[in-house]
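Coordinates in review
Spelled out from the first residue to the last, the chains are:
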Amino acid sequence: MLQTFYPGEYLESVYAIDFEKLWQEGCRGLIFDIDNTLVPHDAPADKRVEALFGRLKKTGFSCCLLSNNKEQRVRQFNRNLQVDYIHKAGKPRTGSYKKAMELLGTDTSNTLFIGDQIFTDVWGANLAGIPTILVKPLDPREELQIILKRYPERVVLYFYEKKLKKEARKPGKQKPSRGRRKK
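For clarity, every value in this text was computed on a predicted model and none was experimentally measured.

1. Side note on a positive patch on the surface
A surface patch of positive charge is lined by Lys162, Lys165, Lys166, Arg169 and Lys170. As for its position among the elements, lysine 162 is in helix 6 (residues 144-169).

2. Re the pattern of salt bridges
A full pass over the atoms with the stated rule returns 9 salt bridges. With its nearest N and O atoms 2.8 Å apart, the salt bridge here joins lysine 91 to aspartate 33. Taken as a pair, lysine 91 in the loop between strand 4 (84-86) and helix 4 (95-104) and aspartate 33 in the loop between strand 2 (29-32) and helix 2 (47-59) lie far apart in primary sequence, 58 residues in all. Taken individually, lysine 91 and aspartate 33 each receive the classification buried, so the pair is uniform in this respect. Ionic pairing is found between lysine 47 and glutamate 50, a salt bridge with its closest N-O pair at 3.7 Å. Residue lysine 47 and its partner glutamate 50 are located together in helix 2, separated by 3 residues, close to a single helical turn. Judged by relative accessible area, which is 66%, lysine 47 ranks as exposed. If you follow the salt bridges from partner to partner, you end up with Asp33, Lys91 and Asp121 in one network.

3. Structural notes on a nonpolar patch on the surface
Together, Val155, Tyr158 and Phe159 make up an exposed nonpolar region whose accessible area comes to about 290 Å². Looking at the secondary structure, you find tyrosine 158 in helix 6.

4. Description of the packing of aromatic side chains
Geometry of an aromatic ring pair is reported as the spacing of the ring centres plus the angle between the planes. All told, the structure shown has 9 aromatic pairs when counted by the stated rule. With a centroid separation of 5.0 Å and 70 degrees between ring planes, the pair formed by phenylalanine 5 and phenylalanine 119 is classed as edge-to-face. Residue phenylalanine 5 is found in the segment before strand 1 (9-11), and its partner phenylalanine 119 is found in helix 5 (residues 118-128); the two are separated by 114 residues along the sequence. By the burial criterion, phenylalanine 5 is buried, and phenylalanine 119 matches it. Each ring, one from phenylalanine 19 and one from phenylalanine 32, has its centre 6.4 Å from the other, and the planes form 45 degrees; the classification is tilted. Taken together, the residues span a long stretch of sequence, with phenylalanine 19 in helix 1 (residues 19-24) and phenylalanine 32 in strand 2 at a distance of 13 residues. Owing to a relative accessible area of 1%, phenylalanine 19 belongs among the buried residues under this scheme. Three or more aromatic residues link up through ring pairs in this structure, and these residues are Phe19, Trp23, Phe32, Phe53 and Phe61. The ring of tryptophan 23 carries the charged tip of arginine 28 above its face, separated from the ring centre by 3.5 Å. Directly above the ring of tyrosine 15 sits arginine 48, whose terminal nitrogen or CZ lies 3.6 Å from the centroid.

Criteria and thresholds
- Residues numbered from 1 in each chain as written.
- Predicted model: local features only at pLDDT ≥ 70, side-chain atom pairs only at ≥ 80, totals over all residues.
- Heavy atoms only, no water.
- Patch = residues over 30% accessible without salt bridge, like charges linked within 9 Å, V, L, I, M, F, W, Y side chains within 5 Å.
- Areas by Shrake-Rupley, 256 points an atom, 1.4 Å probe, with all protein chains shown as cover.
- Salt bridge = Lys/Arg side-chain N within 4 Å of Asp/Glu carboxyl O.
- Lys, Arg positive; Asp, Glu negative; His and termini not counted.
- Charge placed at Lys NZ, Arg CZ, Asp CG, Glu CD.
- Helix = DSSP H or I, 4+ residues; strand = E, 2+ residues; numbered from the N terminus.
- Buried < 20%, exposed > 50% of the residue type's maximum accessible area, 1.4 Å probe, protein only.
- Phe/Tyr/Trp six-rings, centres within 6.5 Å; stacked < 30°, edge-to-face > 60°.
- Lys NZ or Arg CZ within 6 Å of the ring centre and 35° of its normal.

Following this line, the structure appears as structure tokens:
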């Protein structure tokens, strides 16, 4: 049952992702959460984020921001990035993930979702059939409803990491390209 909430990978940050390898593996669409994934909550897109998205677009990726925030927040964040976006996404409901793939011209076989929350970002993408990367939140200062979700997230991550360790001990098993924690 907990597997529904497991990310494909769990990484330190978006900057730990090997995007060039993803491109070589056939990934063409990237869907990103914003707050605490790319920047601290309510922060504007900074130069590092702008450089990342410039690099991603130059590589050939189509990108979409998928946020439960209001349009003003998402539009302002996207001002210099100039990628597709969906505001008031209603994550974890799957409709917005599917709409993002339509905007990108991709499908579940060549799209990846990147976010910092298990019970919105990862769960919704998993339900939509999209591979996921969970990243650590950038800032511990969060709204109360998010702080309360972090406690059960720890339980999910405990069992996720336990599963990974068990799989790593199996003889003759190669480590999967997805489904491991990296620092």
